Each structure stands twice: as structure tokens, then as C-alpha cells.
Amino acid sequence: MLAKLRTFSLLGIDAVPVDVEVDVSSALQASTVLVGLPDGAVRESRHRVKRAIVNSGYRVPLDRVVINLAPAELPKQAASFDLPISLGILAASGQLQSDLLGEYAVVGELSLAGQTRTVRGALSMAIAAARLKELRGIVVPAANAAEAAVVEQIEVIAVDSLAQAVAFFSGQLPIEPTPSRLEELFQEYSTYEVDYADVRGQEAVKRAMTIAAAGHHNLLMIGPPGSGKTMLAKRLPTILPPMQAAESLETTRIYSAVGRLPPGQALMGTRPFRAPHHTISDAGLVGGGSIPTPGEISLAHHGVLFLDELPEFNRKTLEVLRQPLEDGLVTISRASRSTTFPAQFMLVAAMNPCPCGYRGDSRRRCTCSDVQVERYMAKISGPLLDRIDIHVEVPAVPFRELATDRAGISSSEMRHAVVEARKRQRARFGNAKVQYNGQMSSRQIRQFCPLSPEAVELLRHSVQELGLSARAYDKIRRVARTIADLDGHEHIQPEHILEAINYRLLDRNPGYGSMPRP
């Protein structure tokens with residue numbers, strides 16, 4: 001007999017439909033053949049499936065069993081084929097009769113005892129199932145049910161074991177679809193455990209953080225060890241606008257596909273914060289592998305990527321960030337296919353002002369020579385630095401500010417200003433591809449950032465006196481546009497230009513060394 005079921009295989013973060021065809025025919029010697037480009041985990045499923053069937057109270061047919069996973073040219077990976085293969089064997093051997101096999105897709109890994117285990121990419125699979133009109137629902141392990149049920153357009157049936165799945169398909173055990181709790185999940189998982197009110201002092205840096213968040217500007221912090229750079233960066237997601245449903249689903253899909261969803265959590269409700277170590281490889285940062293998987297920049301999608309100790313990163317590794325920073329996605333090409341992952345993130349970097357870390361610090365003497373400082377600064381990728389709009393100094397916090405009981409500005413106050421500024425940007429750009437000031441091209445800067453004669457003269461004087469480049473000139477106007485939005489001004493004022501100039505620290509301060517340029 002021949003049985004056919006529908007399941008899914010992950011390709012990157014997308015789920016691709018796969019047909020599981022099982023044929024049981026008489027033979028002198030029992031054998032099981034699995035075809036359709038299965039990887040090691042799928043090939044090993046033959047042994048798991050046999051013991052799961054026996055330990056669930058059914059029998060393994062003593063005949064020739066051929067299992068085909070179609071389409072044949074698509075590589076199949078992971079153990080999520082265990083449950084559909086088991087049901088296919090039972091149906092093809094006459095132990096399961098059901099009219100529902102064509103109406104529900106099935107995914108799930110099995111233990112030797114026949115219990116279901118969680119699978120990766122359940123959300124992507126539920127989304128893909130909802131697109132197939134012939135499917136009524138999807139059967140998933142109980143541990144994945146809440147995640148898959150986020151998709152409201154399809155029934156999600158949760159099963160704990162192979163026996164329970166058989167009972168459902170045979171009609172002996174009606175199982176109610178898992179209800180979608182999208183709004184409830186948002187409320188449950190959308191709170192942050194950190195707040196800018198915890199940070200003592202550094203109000204000027206918080207102002208720079210607010211500007212960066214409002215205009216989606218990349219930011220570089222420069223300061224001695226212990227000045228609070230990491231603490232400030234970790235709280236940046238708390239002032240970004242709350243995640244929308246579409247953003248949350250897209251981020252959750254990425255984390256689900258790589259198995260990074262926290263246990264018991266069905267949805268990403270807060271913006272991600274990723275801080276890879278400086279020894280990370282190219283593939284670890286942007287994604288890769290023989291079958292491409294997402295890297296850190298995709299895990300930071302709709303959130304923040306923090307690169308601490310920026311000069312210690314491999315220069316070649318940093319330069320692969322150029323294309324994702326501009327396009328908001330990364331494409332990884334292999335001989336057989338190309339895979340594209342979303343990668344729209346805010347880049348925040350931190351570094352010491354010199355190798356010893358204490359250049360310009362009044363508390364400790366710097367032991368670095370000018371040559372050492374220049375060599376240290378030259379480690380930074382010039383093309384990457386050109387994509388950072390804001391450079392801000394993070395000085396050591398005086399003791400009187402550390403000892404005060406007065407709380408600083410909170411994340412909720414900063415977020416309110418950010419949200420209002422972004423509303424003005426949405427009204428300005430309309431339906432254009434660019435949505436934030438930090439993404440404006442040179443043409444859009446000329447269109448949306450007109451300057452008064454007084455502001456032009458101030459900027460001209462600064463460019464001449466400080467030796468600012470043409471790139472710095474555009475970045476100052478971009479940042480000034482965001483400052484004007486935060487202040488509620490339709491036009492850029494001279495004071496906005498003056499503040500924006502202060503955020504070009506590496507361009508205007510020769511004490512930090514000469515910067516490399518592409």
C-alpha cells in the first residue's frame with residue numbers, strides 16, 4: 001500500500017513543503033529504504049521510527065518499506081520527519097485508516113518511547129501551511145504548539161506522542177486546536193528587565209542614544225574601561241519603539257529556525273540585543289555553512305548589534321557588514337542555491353581611546369605613545385566607520401554622580417521622544433523605501449535637510465576649521481535633521497547643526513589619531 005503525507009523542511013528560515021511517500025510491499029526480507037537527499041539526522045530516523053512504533057503498541061511491517069521525501073533535489077535536514085514517516089508507515093501497512101492525512105501537515109521528532117520532541121522552525125512551518133489552501137491545519141509537538149498557534153489562519157493540533165497522533169487521525173481522540181494568544185503573548189513578553197534610570201550620570205551620552213534611536217543612526221562610543229559603555233548599549237532596545245506584530249513574527253522565525261527561542265517562550269516580544277565576541281568568524285557574524293544558517297546580524301534583526309572592543313575585531317570580518325548595513329539583508333550564495341536572511345539592525349560599537357584605555361582620563365595616566373594610538377585606531381575598518389553617523393565620548397563617571405540617589409532620565413521618557421520623532425519621519429517619507437533619517441541618500445539629504453544661511457555659515461566654518469570630509473558633512477545634516485525632529489522643529493536650526501558637529505568626535509579630535517579611509 002502507498003501512503004502520502006505533507007510535512008515541511010527548513011531552508012534557511014523558510015519552510016518548504018515536502019511530500020512524505022511511504023510504500024509497503026511484500027518481500028522475502030524486511031528492509032527500509034529512505035530516499036530524497038536526507039542528511040544524517042534524517043537517515044538515522046529509520047531506527048528511531050521503528051522503536052517508537054513498537055514502543056507505542058504497533059508493529060513494524062516485516063516487508064520492504066520505501067520512504068520517499070519529495071522534491072528529491074531539496075536537501076532534507078533535522079529530525080522533524082520522524083512523526084510523518086511513522087504515520088506513513090502505519091497507514092501504508094494498514095494499521096491506520098484516516099481521511100485526515102491529506103488535510104493536516106505533520107512535523108515532529110520522536111523519542112524511542114514514541115513521545116514527541118520539539119522541532120526548530122515551527123512558526124515558519126505554520127506560516128507555510130497557512131499558505132497552502134488544501135491544508136486545514138498542522139500537527140506539531142505539544143512543546144511547539146503555542147509558537148505555531150501564533151498563526152491565526154490555520155488549526156494547530158498539539159500531540160504528545162505517536163499514539164496520540166494516531167488516535168487523532170483515526171478519529172478516536174478529538175483534539176481541539178491550540179488557541180492563538182497573540183495579544184496575550186505580546187503583553188507577557190514585551191517588558192524589559194533593564195532601564196536607563198539605572199545608569200548614574202552620562203546624561204549627555206543618553207542624549208546621543210536618544211538621537212541614534214530616533215533616526216536609526218549607527219553609533220560609536222569612545223571611553224575608558226568602566227565608564228559604562230556596555231551598560232548604556234544594553235539599554236538601547238528599551239527606548240526603541242515597541243515591536244509591531246510583523247516585526248515580532250519575523251524575528252521569532254529567525255530565533256525558532258536556529259533553536260534560540262527561550263524554553264517555553266512562543267514569541268519574541270522585545271527587540272533583540274546581540275553582543276558577539278571579537279573573535280567571531282565571518283560566518284558567525286553574517287551567517288554561513290554548507291546549508292546556510294543565520295548569523296549574529298540576523299539574530300539582531302529589528303534590534304541592536306553591539307560590537308564591544310571594536311578595534312579587536314578582525315578587519316575583514318567587519319567589512320562584510322557593509323552590504324547588510326545598507327540593504328537590511330544578507331545573501332549567502334552556494335553552488336546549488338542562494339539564501340537571503342533579513343538583517344535590519346542598529347549598529348552600536350564601543351572602543352577605548354587608546355591601547356591602555358586611559359587617554360584623556362584625568363584619573364589615570366596614559367602610557368601610550370602617539371604612534372601606538374595611531375596604530376590602534378588604524379585597526380578600525382574605514383568603510384565601516386563611514387557608516388557610523390554618531391561618535392560620542394563616554395567619560396568616566398565622577399564619584400558624586402555614582403553616589404547620588406537621584407535617578408536619571410528613564411527609558412520610558414526617552415522612548416516617548418523617539419516615538420514622536422519617528423512619527424514625523426514617517427509623515428515626511430510617506431511610502432518611500434527609506435523610513436528613517438539615518439537611511440537618507442545624498443539626494444534626500446538635499447531635499448529634506450535645507451539649511452538657513454546662518455546654519456550654512458556655521459557648517460562651512462566647522463568644515464574648514466575642523467577639516468571635516470564630505471561624508472562627515474552629509475552625516476552632520478542627517479543627525480541635525482533627527483535633532484530637529486526630536487525638538488519638534490520643521491526646519492534645521494543652527495543649534496541643531498552645532499550639536500550634530502559635536503557627534504563627529506573622531507573627525508574633529510586629532511588626539512584620537514588619524515582615521516583610515518577606503
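Placed above this text is the structure.
Definitions and limits used
- Residues numbered from 1 in each chain as written.
- Predicted model: local features only at pLDDT ≥ 70, side-chain atom pairs only at ≥ 80, totals over all residues.
- Heavy atoms only, no water.
- Helix = DSSP H or I, 4+ residues; strand = E, 2+ residues; numbered from the N terminus.
- Expected span 1.5 Å × (residues − 1).
- Buried < 20%, exposed > 50% of the residue type's maximum accessible area, 1.4 Å probe, protein only.
- Arc of directions from axis to C-beta.
- Contact = heavy atoms within 4.5 Å.
- Core = buried A, V, L, I, M, F, W, Y, C linked by side-chain atoms within 4.5 Å.
- 1 Å grid on protein atoms, 1.4 Å probe; cavity = no way out; pocket = protein on both sides within 12 Å on 5 of 7 lines; lining within 4 Å.
- Points joined across faces, edges and corners; volume = space filled by probe spheres on them.
- Nonpolar A, V, L, I, M, F, W, Y, C, P; charged D, E, K, R; others polar.
- Pairing = 2+ DSSP bridges.

**Section: helix α18 (residues 411–429)**
For α18, built from 19 residues, the straight-helix expectation of 27 Å at 1.5 Å per residue is met to within 8% by its first-to-last C-alpha distance of 26 Å. Taken together, the buried positions of α18 are S411, M414, V418, A421, R422, Q425 and F429. Buried positions in α18, seen along its axis, are confined to an arc of 105° and lie on one side of it. Away from the buried face of α18 by more than 90 degrees, exposed residues H416 and A427 are located. The inward-facing, buried residues of α18 abut α8 (203–215), α19 (442–448) and α21 (470–486).

**Here's the deal with helix α15 (residues 370–377)**
For an α-helix, 3.6 residues make a turn, and residues three or four places apart therefore share a direction. Of the positions making up α15, those classed as buried are V373, Y376 and M377. One face of α15 carries all of its buried residues, which in axial projection span an arc of 95°. In α15, the exposed positions that point more than 90 degrees away from the buried face belong to V371 and R375.

**A short note on the nonpolar core**
Counting 71 residues, the largest nonpolar core has F8, I138, L220, I297, L307, L310 and L321 as the members making the most contacts within it. Top contributing element to this core by residue count: helix α4 (residues 122–131), with six residues. When residues no more than four places from it in sequence are discounted, the contact partners of L307 are P276, F313, L318, L321, L347, V348, A349 and A350. If you look at the next biggest cluster of nonpolar residues, it comprises 49 residues, including A350, A472, I476 and V479.

**Some words on the environment of M209**
Position of M209 relative to the elements: it lies in helix α8. Expressed as a C-alpha distance, the spacing of M209 and L232, which sit 23 residues apart in the sequence, is 8.3 Å. With sequence-adjacent residues up to four places away left out, M209 is seen in contact with Y196, L219, M221, L232, A233, L236, I239 and M414.

**A short note on the layout of surface pockets**
Roughly 1100 Å³ of internal volume is contained in the largest pocket. Residue assignment for the lining of the largest pocket shows that the elements contributing at least two residues are α14 (322–327), α18, α19 and α21. Ranked by residues supplied to the lining of the largest pocket, first place goes to α21 with five residues. Here the residues of the lining of the largest pocket are counted per class, giving twelve nonpolar, twelve polar and 15 charged. The volume enclosed by the second largest pocket comes to roughly 700 Å³.

**Comments concerning the sheet that holds strand β14 (residues 304–307)**
The five strands are arranged β11-β14-β17-β10-β18 in an open sheet whose pairing can be described as parallel. Each of the sheet's edge strands pairs with one partner strand only, and the pair in question is β11 (273–274) and β18 (390–393). In this sheet, strand β17 (residues 346–351) lies alongside β14 in parallel orientation, the contact comprising four bridges. Note that in β17 the partner of L305 across the bridge is L347.

**A few points about the environment of S336**
Structurally, S336 is set in the loop between β15 (329–333) and β16 (338–342). When the C-alpha atoms of S336 and A27 are compared, they prove to be 37 Å apart, with 309 residues separating the residues in sequence.

**Concerning the pairing of strand β4 (residues 64–70)**
The alternating pattern of β4 places V65, I67 and L69 on a buried face and R64, V66, N68 and A70 on a face that is not buried. With seven bridges connecting them, strand β2 (residues 14–25) and β4 associate as antiparallel partners. In the sheet register, D23 faces β4, and the bridge partner there is V66. In the sheet, strand β3 (residues 31–35) pairs with β4 via five bridges, with the strands oriented parallel. Within the sheet, the bridge partner assigned to V33 lies in β4 and is V66.

**Overview of empty space enclosed by the protein**
By the definition in use, this model includes one cavity of 30 Å³ or more. Of the pockets and cavities examined, the largest cavity occupies roughly 70 Å³. Every residue lining the largest cavity is listed: T32, R46, V49, K50, I53, V60, P61, V65, I67, I85 and I89. Counting residues per element, the ones that place at least two in the lining of the largest cavity are α2 (45–55), β4 and α3 (82–92).

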